[in-house]
Amino acid sequence: VLRGTKVTEVGLRGNKIGDKGAQAFGEALKGTNVTKVYLDHNQIGDAGAKAFGEALKGTHVTKVSLDFNQIGDAGIKAFGEALKGTNVTKVSLD
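Read on for a plain summary of the structure. The model shown is predicted, which means the values in this text are computed figures rather than measured ones. (Residues numbered from 1 in each chain as written. Predicted model: local features only at pLDDT ≥ 70, side-chain atom pairs only at ≥ 80, totals over all residues. Heavy atoms only, no water.)

## Describing the environment of threonine 86
- You can see threonine 86 is positioned in the loop between helix H3 (73-82) and strand S4 (90-92).
- Through-space distance from the C-alpha of threonine 86 to that of leucine 56 is 6.3 Å; in sequence the pair is 30 residues apart.
- One polar contact links the side chain of threonine 86 to the main-chain carbonyl oxygen of leucine 83, over a distance of 2.7 Å.
- Engagement of the side chain of threonine 86 in a polar contact is seen with the backbone nitrogen of valine 88, the distance being 3.2 Å. (Helix = DSSP H or I, 4+ residues; strand = E, 2+ residues; numbered from the N terminus. Polar contact = N/O pair within 3.5 Å; in protein donor to acceptor, adjacent residues only side chain to side chain.)

As structure tokens, then:
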């Protein structure tokens with residue numbers, strides 16, 4: 001949907017996309033101009049954070065907000081590891 005558009009910022013706050021949705025959304029960002037993503041309040045857990053981070057490889061995303069999800073210590077660590085090799089420079093995990 002976003003490929004071929006000039007959209008650079010996407011906010012899907014409070015949509016309850018969960019782990020599978022986070023992964024799918026990350027994959028959908030490939031080939032887009034999106035640089036900022038806000039996925040706050042989406043019931044994303046450890047597995048979703050890791051999958052989303054891995055899916056960001058090959059995207060232009062530089063800023064990610066995953067505030068108010070169900071991401072624990074293990075998920076934060078996995079997300080951080082998954083971000084290696086991405087363009088992400090700012091992350092919010094409140």
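## Re unusual backbone geometry
- Despite not being glycine, histidine 41 has its phi angle at roughly 55°, a positive value.
- Relative to the assigned elements, histidine 41 resides in the loop between strand S2 (36-38) and helix H2 (46-55).
- Judged by its relative accessible area of 44%, histidine 41 is partly exposed. (Buried < 20%, exposed > 50% of the residue type's maximum accessible area, 1.4 Å probe, protein only.)

Keep in mind these numbers describe shape, not what the thing actually does.
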